Amino acid sequence: MSKGKTDVQTFMSSPGREESFLNEGTLTRFYKGEDRSDTSFDLDLKSITWDYDLLTGLPCMKKFLDLVSTDFQQYENYVFLYFNLTNFKLFNAKYGMEAGDQLLIEIANILKNVFKDDCLSRFSDDHFAVFTKDHELEAKIKRAYQLIRHQPFANGIDVKIGVYEVKERNVNPQTACDMAKIACDSMRTKNDRYFEYYKPELLRRMELADYIITHIDEAVANDYIKVYYQPVIRTLNRTLCGMEALARWIDPVKGFMSPGDFIPVLEENHLIHKLDRHIAKLICQNYSKRVANGDPIMPVSFNLSRLDFLSCDMFEVLEKYVKEYKVPRDMIHIEITESVFVEDGLIIGDVIRRFHNAGYQVWMDDFGSGFSSLNVLKDYNFDELKIDMVFLSHFNNRSKEIVKSTVGMAKNIGIQSLAEGVETEEQLVFLREIGCEKAQGYLFSKPSPYMDALNACISKGIQVETRTRKEFFDALNKVDFMTDSAFAIIEDDGEKVEILFANKDFVCALKENDIFTKEQASAIVNSPHLPVAKLYRRFIKTVIRTRQPEVVSFPLKKAILQLEVTCLSQCQGHYLYHVRMSDRCIEKSIKVQRSMNMMLRNIYYLYDEIMIYNLSGSNDHLDLTPTLGKYVNLEKGLEREIELYCLEKIFPEDQQRFREFADKELLSDYVKTSVNGASVGYFRTRDENGNYPWKMHTIIPIPQECSYMHCVNKTAFKDVDFGKAILKDYYFSMPRMKELDRHVKEDIIIKSELWDNMITYSNTPYFWKNENREYEGVSDTFLDYYKLKGKEDIIGKKDEDLHWYINEGQIINEEEDILKNGVIRQVSVCQSHKEGLLKDTIIVKKPYYKDGFVAGLIGYIVNFKEGENVVSNDPITGLLNYDGIVKAAISYEEDYHIYGIEFASIIIEIMEYDRIIKAYGREVGTSLLRKAAGIIYDTVDGRGTVGRLEGFTFKVMIKFNKREEVEKLSDKIKKALYEIHEVDGFSCAIFPHIKIHYASDIDGVENLFYQML
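For the structure given in this document, a descriptive report is provided here. On a predicted model such as this, the values are computed, not experimentally measured, just so you know.

1. Examining the overall build of the protein
Line of reasoning, step 1. Tallying secondary structure elements over the protein gives 38 helices and 37 strands in all.
Line of reasoning, step 2. In the protein, buried positions account for 51% of the 1013 residues.
Line of reasoning, step 3. Long-range contacts, defined here as pairs at least 24 residues apart, represent 62% of the contacts in the protein between residues at least 6 apart.
Line of reasoning, step 4. A total of about 50,200 Å² of accessible surface is found on the protein, and carbon and sulfur atoms cover 51% of it.

Shown next as structure tokens:
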């Protein structure tokens, strides 16, 4: 052996060395300086092709191992390299086999060039091996990698290189190559590395991977794989609003295995769907057990891999378990990482739409961890964004700004945000202040069995959020927490106010007025004896009534703070409000303080309403507060706003006087000439209960300002004579009063005669009731309609005394709403008894006033003619009630026994009705019945009779020719009801139970009716 060369090097460069390559399909053999392509070598062709690769000319694996085995143990400082081309099969499929062959030839040439005089091999397909000295090894590896990656036609091709250093003499070449391959395979999912040295740990991981692959089915079958849960906390009020389900493998041989060990292995080997199917089943099983045990329940999210969508129909898998264990779809959320969409976006986009259409939420997991987050958000609809924990693990100013931008973006596109990896109170406070709705991390609990995670939260004072409260607080997604304005979020149950959140600017404004904590501010508003509390309660009724942002001013110790209040959501008597403090008001508080002395600020609480009108037309003044709800300059629409106030608040008979009182020119002259005087007018003005009591309207000029205050307060007078005196003074101050008075008297006489004639001769059934809902009078047509002998049969009685209606509670609520709140018009659908039968009666009702106060109501029957068609209807759903069903069943039975016309009865039970009432209240339960009734009725589509027997049970009777028709209709009803995902904005899932009875299967009339009803 020559000095400086190995046996292999000597062989590869010897004069008799064989070189082979593919030349126009013919194998040609070359020796140094001599062409020997004649047929005398054909006999050796078979043995040569077995030793060398026809495509690249490199030794095949067997030949390579034979070459390096010669005096192998004499080699020092040598390594084995194992090259694997990734995505080569995809390259072949995309560009063709010929292009793939050319690529392999080019790569072989690159390796020959980089590793000159070394032993190379093409093992198989896209795998190469190199036996080389470790001198400048990493530089050579880098050069080979760069040359391969920068091939002009190597689109999408990557390369991974495993390195095994020959250190032990007893390792044979085959084993050494295997070790290099293990190092190469360890980088399959690592995009940031292209070469790796073999370490003993890699072998242990390979053995563990083999164990995982061969034991996954056993682990699923024997429940070695468990679900652990990690709590999700609502940042605003620190309540437990959900859990994330995480897989844990507790093996009898390997013990507790980390998800980082088994999940990548299962994904690499396309077995991850077995794990995720099992997790989905366990989630549904556990939910069913918790419901049965009466344990707290909450939504659970779990992650799906992209391979789940390629290996099976994951949507149908989940639907199967949801139906089997009766899990509401709003209790399961799907998490998908952004990497899923990069490779299989079209397929998975379709699946997401199926999940959404079925009523599941779909979340984007690990947002910000990849390169395509924004593209994914652009192309797909998500309900929630999970911010990758890496941003909180490096909690500095830069990461904070990124998280703030992410939360702001999520709000702008209408989705919620959740931050993972929360470990400190500082992080939680930060997330709360920027409006990130939810947080998850070890600060609350590590992943644990369900009850352990729940108890860990409870031990820290974290309460479970109910399903209704979830919908209630989800409205916070609309609120921008990073605004420059001072604002707060408050919850109000009608008696107690709690400030859940106040930003720094809001807190500072309170402190400037000697209110130092949120709790102190809440206590002030919750003290009913304080004027500010009374003002708040009066004002908040307006917010609830209008459902629009409303403005109110609160005079405090050192300033008048103007607040804009918006109702975000309501739930079971609780209201969530967004309260924004006007920057303009805060800035001008010092000026307002100079303009209005202490007396005027104290006067504020003596009045029901105060409006400040600015007549200068300058935008630098406080123009209008609080009742009209916005700033308006005189030159830009004050007259219009006053007219709207007049129409909305002033009693119709007083509106003309009010217009004169608030006339623009008169006000301007008054403000210019008045020094200390005040102008007073009395008008019947609507209050929060819909009445029109007499109120005093006072105009007070603001010194040295071209403005005045319009103050409104109740008068101390309640008698009718006071009102008459006011009106008398007004009318007698007008010209031609006597002529007017004569016409007024004549008009009163004419109206009285018209009313008497209408009551006696009108064909419309009229009635009127007093403030206690007792009948005071009825028209003659009304008496005829109800077959009453005279008015004495009804005067002084209520509807419930007469037992006319089966929906008495509904009627009482409607009429009390008219009498207490002054509802202008109410259409009531009453199920009335008439001659022992049931019928729908449509009645229009409205309040009538006496001296400005609601004194009773007046009404008339609309469908008194059409109403002669008597129907036995269910008051809740409008379908037939039990009586109506019985009557219809008699007709069906008669046709069956007399004429032999077959019919069937389909009984539908909505078993979730009681659960919906428990979770959301009776009103939502009633809405569920109505929604289900509408679906059943529309599905039957006039082919049969539909009714509600009782509670949550419906009945359909249908005539048919073949039983398949009934079964198809039954399936159609079941599927249609199953598609109910929400009621009144609340999420739900329906699993109807359906039974079919055929008349021909039942013996005897009595048995027939028993089975049918």
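2. Quick word on the sheet that holds strand E4 (residues 78-86)
Whether parallel or antiparallel, the strands of a sheet pair through hydrogen bonds between backbone atoms.
Line of reasoning, step 1. Here we have 5 strands laid out as an open sheet, ordered E5-E6-E4-E7-E8, and mixed in their pairing. Only two strands of the sheet have a single partner each, and these edge strands are strand E5 (119-124) and strand E8 (195-197). Strand-to-strand twist across the sheet, computed as the mean angle between neighbouring axes with direction ignored, equals 20°.
Line of reasoning, step 2. Sheet topology places E5 next to strand E6 (residues 127-133); 5 bridges connect them, and they run antiparallel. Each residue of the ladder has a partner; that of Ser-121, found in E6, is Ala-129.
Line of reasoning, step 3. Across the sheet, helix H3 (residues 61-69) is in contact with E4, E5 and E6; its angle to E5 comes to roughly 150°.
Line of reasoning, step 4. Those strands touched by helix H5 (residues 97-114) are E4, E5 and E6, and its axis lies near 5° from that of E6.

3. Some words on the packing of aromatic side chains
Aromatic rings in a pair are described by how distant their centres are and how their planes are angled relative to each other.
Line of reasoning, step 1. If you walk through the whole model with that rule in mind, you get 39 aromatic pairs.
Line of reasoning, step 2. With 6.4 Å between their ring centres and 80° between their planes, Phe-64 and Phe-80 make a pair best called edge-to-face. Of this pair, Phe-64 sits in helix H3 while Phe-80 sits in strand E4; the two residues are 16 residues apart in sequence, bridging distant segments of the chain. With respect to class, Phe-64 is no different from Phe-80; both count as buried.

4. Overview of H5
Line of reasoning, step 1. With 18 residues, H5 ought to run about 26 Å at 1.5 Å a step, and its terminal C-alpha atoms sit 26 Å apart, in line with that.
Line of reasoning, step 2. Those residues of H5 that fall on the buried side of the exposure criterion are Gly-100, Leu-103, Leu-104, Ile-107, Ala-108, Ile-110, Leu-111 and Val-114. Down the axis of H5, the sector holding all buried residues measures 160°, keeping them to one side.
Line of reasoning, step 3. Where the residues of H5 are buried, they touch E4, helix H4 (88-95), E5, E6 and helix H6 (137-149).

5. Some details on the nonpolar core
Side chains of nonpolar character tend, in soluble globular proteins, to be buried together.
Line of reasoning, step 1. Formed by 86 residues in total, the largest nonpolar core has its most connected members in Phe-302, Ile-332, Phe-355 and Leu-431.
Line of reasoning, step 2. Top contributing element to this core by residue count: helix H10 (residues 272-293), with 8 residues.
Line of reasoning, step 3. Split by domain, the residues of this core number at least three in each of domain 2 (209-478) and domain 6 (882-1012).
Line of reasoning, step 4. When near neighbours in sequence (up to four residues on either side) are disregarded, Phe-302 contacts Ala-245, Asp-276, Ile-279, Ala-280, Ile-283, Leu-318, Ile-332, His-333, Ile-334 and Glu-335.
Line of reasoning, step 5. Core analysis: the next-biggest nonpolar cluster, separate from the first, contains 35 residues, Ala-932, Ile-973, Leu-977 and Ile-990 among them.

6. Brief notes about empty space enclosed by the protein
Line of reasoning, step 1. Inspection of every chain in the model, using the stated rule, returns 7 cavities of 30 Å³ or more.
Line of reasoning, step 2. Put simply, the second largest cavity is a space of about 80 Å³.
Line of reasoning, step 3. If you trace the second largest cavity, you find it lined by Arg-234, Thr-235, Leu-236, Lys-411, Arg-432, Gly-435, Cys-436, Glu-437, Phe-473, Leu-476 and Phe-481.

7. Considerations on a positive patch on the surface
Line of reasoning, step 1. Side chains of Lys-323, Lys-326, Lys-974 and Lys-975 sit close together on the surface and give a patch of like positive charge.
Line of reasoning, step 2. Relative to the helices and strands, Lys-326 resides in the loop between helix H12 (314-325) and strand E13 (332-337).
Line of reasoning, step 3. Here Lys-326 falls in the partly exposed class, since its relative accessible area comes to 45%.

8. Some points on the environment of Arg-915
Line of reasoning, step 1. Counting through the fold element by element, Arg-915 comes out in helix H35 (residues 913-920).
Line of reasoning, step 2. Between the C-alpha atom of Arg-915 and that of Cys-988, which follows or precedes it by 73 residues, the distance is 9.8 Å.
Line of reasoning, step 3. Sequence-distant contacts of Arg-915, defined by excluding residues within four places in its chain, comprise Pro-328, Arg-467 and Ala-989.

9. Observations concerning the environment of Asp-452
Line of reasoning, step 1. Tracing the backbone shows Asp-452 in helix H18 (residues 450-459).
Line of reasoning, step 2. Accessibility expressed as a relative area gives 45% for Asp-452, which makes it partly exposed.
Line of reasoning, step 3. Separated by 224 residues in the primary sequence, Asp-452 and Tyr-228 place their C-alpha atoms 9.4 Å from one another.

10. A short note on the pattern of salt bridges
Line of reasoning, step 1. On inspection of all chains with the given rule, the structure shows 38 salt bridges.
Line of reasoning, step 2. The shortest N-O distance in the salt bridge between Arg-234 and Glu-465 comes to 2.6 Å. Of this pair, Arg-234 sits in strand E9 (residues 225-234) while Glu-465 sits in the loop between H18 and helix H19 (467-474); the two residues are 231 residues apart in sequence, bridging distant segments of the chain. Like Glu-465, Arg-234 is buried.
Line of reasoning, step 3. Linked by salt bridges that have partners in common, Lys-769, Arg-773, Asp-799, Glu-815 and Lys-845 make up one network.

11. Notes on a negative patch on the surface
Line of reasoning, step 1. Residues Glu-964, Glu-965, Glu-967 and Asp-971 make up a contiguous surface patch of negative charge.
Line of reasoning, step 2. Position of Glu-967 among the secondary structure elements: in helix H37 (residues 963-978).

12. Digging into the pairing of strand E19 (residues 497-502)
Looking along a regular strand, one sees the side chains alternate between the two faces of the sheet.
Line of reasoning, step 1. Among the 6 residues that make up E19, 5 are buried, leaving the element largely enclosed by the rest of the structure.
Line of reasoning, step 2. Sheet topology note: the strand E18 (residues 486-492)/E19 ladder contains 5 bridges and is antiparallel. Along E19, the bridge assignment pairs Ile-489 with Phe-501.
Line of reasoning, step 3. Between the antiparallel neighbours E18 and E19 lie 4 residues, among them Gly-494 with a positive phi of about 95°.

13. Some thoughts on unusual backbone geometry
Excluding glycine, residues mostly carry a negative phi; peptide bonds, for their part, are mostly trans.
Line of reasoning, step 1. The phi dihedral of Asn-87 falls on the positive side, at around 70°, and the residue is not glycine.
Line of reasoning, step 2. Tracing the sequence through the fold places Asn-87 in the loop between E4 and H4.
Line of reasoning, step 3. Taking relative accessible area as the criterion, Asn-87 reaches 44% and is therefore assigned partly exposed.

14. As for H4
Line of reasoning, step 1. When H4 is considered as a whole, its buried residues turn out to be Phe-88, Phe-91 and Asn-92. Taken end-on, H4 shows its buried residues confined to a sector of 100°, consistent with a single buried face. The exposed residues of H4 that point more than 90 degrees off its buried face are Lys-89, Leu-90, Ala-93 and Lys-94.
Line of reasoning, step 2. Considering only its buried residues, H4 is in contact with E4 and H5.
Line of reasoning, step 3. Positive phi appears at Gly-96, one or two residues downstream of H4, with a value of about 100°.

15. So, the side chain of Ser-905
Line of reasoning, step 1. Of note, Ser-905 is situated in strand E32 (residues 903-909).
Line of reasoning, step 2. On the accessibility criterion, Ser-905 (0% relative accessible area) is buried.
Line of reasoning, step 3. A polar side-chain atom of Ser-905 sits 2.3 Å from a polar atom in the side chain of Lys-955.

About the cut-offs
- Residues numbered from 1 in each chain as written.
- Predicted model: local features only at pLDDT ≥ 70, side-chain atom pairs only at ≥ 80, totals over all residues.
- Heavy atoms only, no water.
- Helix = DSSP H or I, 4+ residues; strand = E, 2+ residues; numbered from the N terminus.
- Buried < 20%, exposed > 50% of the residue type's maximum accessible area, 1.4 Å probe, protein only.
- Contact = heavy atoms within 4.5 Å.
- Areas by Shrake-Rupley, 256 points an atom, 1.4 Å probe, with all protein chains shown as cover.
- Pairing = 2+ DSSP bridges.
- Axes fitted to C-alpha atoms, helices over the stretch in contact; angles between N-to-C directions.
- Phe/Tyr/Trp six-rings, centres within 6.5 Å; stacked < 30°, edge-to-face > 60°.
- Expected span 1.5 Å × (residues − 1).
- Arc of directions from axis to C-beta.
- Core = buried A, V, L, I, M, F, W, Y, C linked by side-chain atoms within 4.5 Å.
- Domains from an automatic or database assignment.
- 1 Å grid on protein atoms, 1.4 Å probe; cavity = no way out; pocket = protein on both sides within 12 Å on 5 of 7 lines; lining within 4 Å.
- Points joined across faces, edges and corners; volume = space filled by probe spheres on them.
- Patch = residues over 30% accessible without salt bridge, like charges linked within 9 Å, V, L, I, M, F, W, Y side chains within 5 Å.
- Salt bridge = Lys/Arg side-chain N within 4 Å of Asp/Glu carboxyl O.
- Lys, Arg positive; Asp, Glu negative; His and termini not counted.
- Charge placed at Lys NZ, Arg CZ, Asp CG, Glu CD.
- Polar contact = N/O pair within 3.5 Å; in protein donor to acceptor, adjacent residues only side chain to side chain.

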